[in-house]
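Observations on the model geometry
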Amino acid sequence: MTPHVEPDPQAGAAVKAADRAHVFHSWSAQGLIDPLAVAGAEGSYFWDYDGNRYLDFTSGLVYTNIGYQHPRVVEAIQEQAGRLATFAPAFAVDVRSEAARLIAERTPGDLDKIFFTNGGAEAVENAVRMARLHTGRAKVLSAYRSYHGATSTAINLTGDPRRWPSDTGSAGVVHFWAPFLYRSPFYSSTQAEESARALQHLEDTIAFEGPQTVAAIVLETIPGTAGIMTPPPGYLAGVREICDRYGIVFVLDEVMAGFGRTGAWFAAEHYGVVPDLITFAKGVNSGYVPLGGVAISAEIAATFDKRPYPGGLTYSGHPLACAAAVATIRVMEDEKVVEHAAHIGETVLGPGLRELAERHPSVGEVRGLGAFWALDLVRDRETREPLVPYNASGEAAAPMAAFGAACKKNGLWPFINMNRTHAVPACNITEAEAKEGLAALDAALTVADEHTV
């Protein structure tokens, strides 16, 4: 695939100048960033105004699950814009109803009612509100290694350092350690030990907080930005049992892991667990138009049969976003994207990443499934010391910066967070494209290897 436009550096410079003059970027010190000016994208690739093409191993922000510019989704958005571009959320609209139906058909158990939001953070906000109102309790538990969004409650639920500037300690959130054998906080030596000890830690936390005060436990089914740590066997089932015992609402955040990313419609399918609420966004319509939501169990939905739910959004179930969701789900069904993600993970990405780990001393662990993988980069395999310190910046983060620059030099756009690089391409990436990405990672990891001991 080649860029669809001739290189035009002057146009790129104008785009970047306007960006620098007027756009305020998220999570950034504005004077220290240099955003790439993007000229176009298609499938698994995007390109700049200088004609440089990149294989996108980030799939946007882990949301273009069917790649960029899929013609059927673009056509559906165009058709919907010509027919009914927008309408208020209090009305029944055909495309909104169809999107909800298609999502409900794919959620586990009886999560058959869909509350639409504009994105993942709002989905988490509303899931927590529902849980608190349903139980009459205030506290919510979430894991330290997690990311749930940047709105008020969602950022407090988040465990990573992005929470710190906004955490006043007054949001009713209690954090706990979820299982992660490679960097176990429980000194475990096996997955079974890690699962049992993490569950005991969670139950102890609940006991000391007071079970009668806890409304919900919110977990990413498989944590995304925090490191793609697949839970050990039995852990999520154990959390489900604890929630049932204490009348706590179990919320699974599938904003990143849902809609084919792990080789299943929802990652919960891998673990045979049905939560009370699922939050989703991103892959539901491949990010073409902002959309998120909460899938709600029959019991929690019934709480609001006669009692108004005190929440809503002007653009809830926006017709253009729902049209994109309907088209995306149908594309995923027709083109077997979910099955393909499972296959590419089992036959190309997983084996290929593990083979890289055998040859590169900077790779401490490979984790993931489907089109959802992480490489934990280390200075020392024996001690598992991360390649850069936790939350490193500036010179302390230089080894990861050098690795990222090497990826881009080799035509790969990497997803880098702290000491990890994630391999999270479009779920319909071809075998040849995946191997191209692995080859670029292979070359870039030689740079990371230079910082090992």
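Structure: above.
Residues numbered from 1 in each chain as written. Predicted model: local features only at pLDDT ≥ 70, side-chain atom pairs only at ≥ 80, totals over all residues. Heavy atoms only, no water.

Thoughts on the side chain of arginine 106
In this fold, arginine 106 is placed in helix α4 (residues 94-106). At 2.8 Å, the side chain of arginine 106 forms a polar contact with the side chain of glutamate 333. In this structure arginine 106 touches Trp265, Phe266, Glu269, Ile329 and Glu333, once residues within four positions along its chain are discounted. (Helix = DSSP H or I, 4+ residues; strand = E, 2+ residues; numbered from the N terminus. Polar contact = N/O pair within 3.5 Å; in protein donor to acceptor, adjacent residues only side chain to side chain. Contact = heavy atoms within 4.5 Å.)

Some remarks on the side chain of serine 188
Within the fold, serine 188 resides in the loop between β6 (173-176) and α7 (191-209). Dropping the residues within four chain positions of it, serine 188 is found in contact with Leu181, Glu193, Glu194 and Arg197.

Notes on the state of the cysteines
Following the criterion strictly, the structure yields 0 disulfides and no others. Here cysteine 407 stays free of any disulfide, with the sulfur of cysteine 427 as its closest cysteine sulfur at 20 Å. The buried category is assigned to cysteine 407, whose relative accessible area is 0%. (Disulfide = S-S within 2.5 Å. Buried < 20%, exposed > 50% of the residue type's maximum accessible area, 1.4 Å probe, protein only.)

What about the pattern of salt bridges?
If you walk through the whole model with that rule in mind, you get 25 salt bridges. Residue aspartate 34 pairs with lysine 16 through a salt bridge whose shortest N-O separation is 3.0 Å. One end of the pair, aspartate 34, is in the loop between α1 (9-22) and β1 (38-42); the other, lysine 16, is in helix α1, with 18 residues separating them in the sequence. Of the residues examined, lysine 16 reaches a relative accessible area of 28% and is grouped as partly exposed. Salt-bridge contacts for arginine 367 lead to glutamate 365; the nearest nitrogen and oxygen are separated by 2.8 Å. Given a relative accessible area of 7%, arginine 367 falls into the buried group. Residue classification places glutamate 365 among the partly exposed positions, given a relative accessible area of 23%. Overlapping salt bridges bring together Glu98, Arg101, Glu105, Arg106, Arg330 and Glu333 as one network. (Salt bridge = Lys/Arg side-chain N within 4 Å of Asp/Glu carboxyl O.)

Description of the sheet that holds strand β14 (residues 412-413)
In spatial order, the strands read β1-β2-β3-β14; together these 4 strands make up an open sheet with mixed pairing. In this open sheet, the two strands that pair with only one neighbour each are β1 and β14. Pairing geometry for strand β3 (residues 53-56) and β14, over 2 bridges, is parallel. Paired with aspartate 56 across the two strands is tryptophan 413, which belongs to β14. Contacts from helix α13 (residues 431-449) reach β2 (45-48), β3 and β14, with the element oriented near 100 degrees to β3. (Pairing = 2+ DSSP bridges. Axes fitted to C-alpha atoms, helices over the stretch in contact; angles between N-to-C directions.)

Nothing here speaks to function; it is geometry throughout.
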